[in-house]
Amino acid sequence: MKYTQLGRTGLKVSRLVLGTMNFGPQTDEPTSHGILDAALDAGLNFVDTANVYGWGENKGRTEEIIGTWFAQGGGRREKTVLATKVYGSMSRESETWPNEDRLSALNIRRAVEASLKRLQTDHIDVYQFHHIDRRTPFEEIWQAVDVLIQQGKILYTGSSNFPGYKIAQANETAARRGMVGLVSEQCLYNLAERRAEMEVIPAAQDYGLGVIPWSPLHGGLLGGVIKKEAVGGRRASGRSADALANSSVRAQVQAYEDLLDKHGLEPGETALAWLLTRPGVTGPIVGPRTAEQLDSALRALELELSEEVLAGLDEIFPGPGPSPEAFAW
């Protein structure tokens, strides 16, 4: 396993991040525990979740599954850098209630306590804001975070789905309070969706945040979806099906698969390996539903992409260019 620093911190994390969103809704508890064990055995030490995972009436279920895994002992918690998130409403659909979402000091405090209980741990290593809160000032957010850090309940904070200007605003406010501020940003970033290169990733780099891309295969679009359709009859679904309905996108994906076929490369592993070459990227989030999918993701760590392949990928999926040159002189 390869490791790197998380942004400007001294914290060492694996270059792949184990995403757990499927644990509960699609992957049962024993299988989830098996994937967690396999990941840890491979040296993958960074595990990402969120309080809302489990979804619907089962919000919090994913954290509970991780908690029962920690409870097995064997150094599982001690070896894991644990990241979870706060923002989404934890109210059940049958009973909505105010102050159970967003980033008010009250909700942050309650959400941390609830996550700690579900996760069966006494602290969260990286506590992430799942979305910007347009109603709550950062002065209030950092006041709540400061208390939790002093109590030893969280160590670092990160953001998710933040625009560049909010990363700047958050960290400038933190700096005025003498706080470390955000140390990571989770953003949608992959070969087919490169808008983060324009402002989010430069802001993260300037403020010393590690970039953690989510949806590295763009909902399966970059995982060999057309070939799977032709060979195995597995039709695309969800985001990838919607994208392939666009003829120009389908042509792009076909060119991508043709390029990789020419070089004997697997699409999913290549998409992950490409992200590992990108400036500022700590490691992409992989969300395996099975042990086999985890094995495939781990192989990406050993994949060295040639300059020819990298140039071909840029030609098929060109980035937006730097800001402001991408939209100004």
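Residues numbered from 1 in each chain as written. Predicted model: local features only at pLDDT ≥ 70, side-chain atom pairs only at ≥ 80, totals over all residues. Heavy atoms only, no water.

*Asks:* Please clarify how the overall build of the protein chain should be interpreted in this entry.
*Replies:* When its secondary structure is counted, the protein chain shows 13 helices and 10 strands. On the principal axes, the C-alpha backbone points of the protein chain span a range of 55 × 55 × 40 Å. Within the protein chain, counting contacts between residues at least 6 apart in sequence, those at least 24 apart form 77% of the total. As presented, the protein chain carries roughly 15100 Å² of accessible surface, and 49% of it is formed by carbon and sulfur atoms. (Helix = DSSP H or I, 4+ residues; strand = E, 2+ residues; numbered from the N terminus. Contact = heavy atoms within 4.5 Å. Areas by Shrake-Rupley, 256 points an atom, 1.4 Å probe, with all protein chains shown as cover.)

*Asks:* Which parts of the structure should I look at to understand the pattern of salt bridges?
*Replies:* A pair can form between side chains of opposite charge whenever their charged atoms are brought close. Under the defined criterion, the tally for this structure stands at 16 salt bridges. A salt bridge links Arg 61 to Glu 29; its shortest N-O distance comes to 2.6 Å. Residue Arg 61 is found in helix α2 (residues 61–70), and its partner Glu 29 is found in helix α1 (residues 29–41); the two are separated by 32 residues along the sequence. For Glu 197, the salt bridge identified is with Arg 278, shortest N-O distance 3.5 Å. Placement of Glu 197 in the loop between β8 (182–188) and α7 (200–206) and of Arg 278 in the loop between α11 (267–276) and β10 (285–286) is noted, with a sequence separation of 81 residues between them. On the basis of relative accessible area, Glu 197 is assigned to the buried category, the value being 16%. When salt bridges that share partners are traced, they join Arg 194, Glu 197, Arg 278 and Asp 314 into one network. (Salt bridge = Lys/Arg side-chain N within 4 Å of Asp/Glu carboxyl O. Buried < 20%, exposed > 50% of the residue type's maximum accessible area, 1.4 Å probe, protein only.)

*Asks:* It is not clear to me how the packing of helix α4 (residues 105–119) against helix α5 (residues 138–150) should be interpreted in this structure. Could you clarify?
*Replies:* A pair of packed helices is captured by two measures, namely the crossing angle of their axes and the spacing between those axes. At a closest axis distance of 9 Å, the pairing of α4 and α5 adopts a crossing angle of 30 degrees. It follows that α4 is roughly parallel to α5 by the angle criterion. The two elements α4 and α5 cross, and the hand of that crossing is right-handed. Judged by residue contacts, Ala 105, Ile 108 and Val 112 of α4 engage Glu 140, Ile 141, Ala 144 and Leu 148 from α5. Its residues assigned to classes, the contact of α4 with α5 shows 6 nonpolar, no polar and 1 charged. (Axes fitted to C-alpha atoms, helices over the stretch in contact; angles between N-to-C directions. Parallel < 35°, antiparallel > 145°, perpendicular 65-115°, else oblique. Left-handed = near helix turned anticlockwise from the far one by under 90°. Nonpolar A, V, L, I, M, F, W, Y, C, P; charged D, E, K, R; others polar.)

*Asks:* How should I be thinking about the nonpolar core in this particular structure?
*Replies:* Generally speaking, a soluble globular protein has its nonpolar side chains buried in company with each other. Ile 108, Phe 129, Trp 142, Tyr 256 and Leu 313 are the most contacted members of the largest nonpolar core, which totals 50 residues. The element contributing the most residues to this core is α5, with 6 residues. Apart from residues lying up to four places away in sequence, Tyr 256 is in contact with Leu 191, Leu 222, Pro 267, Thr 270, Ala 271, Leu 313, Ile 316 and Phe 317. If you look at the next biggest cluster of nonpolar residues, it comprises 23 residues, including Ile 35, Val 47, Ile 65 and Trp 69. (Core = buried A, V, L, I, M, F, W, Y, C linked by side-chain atoms within 4.5 Å.)

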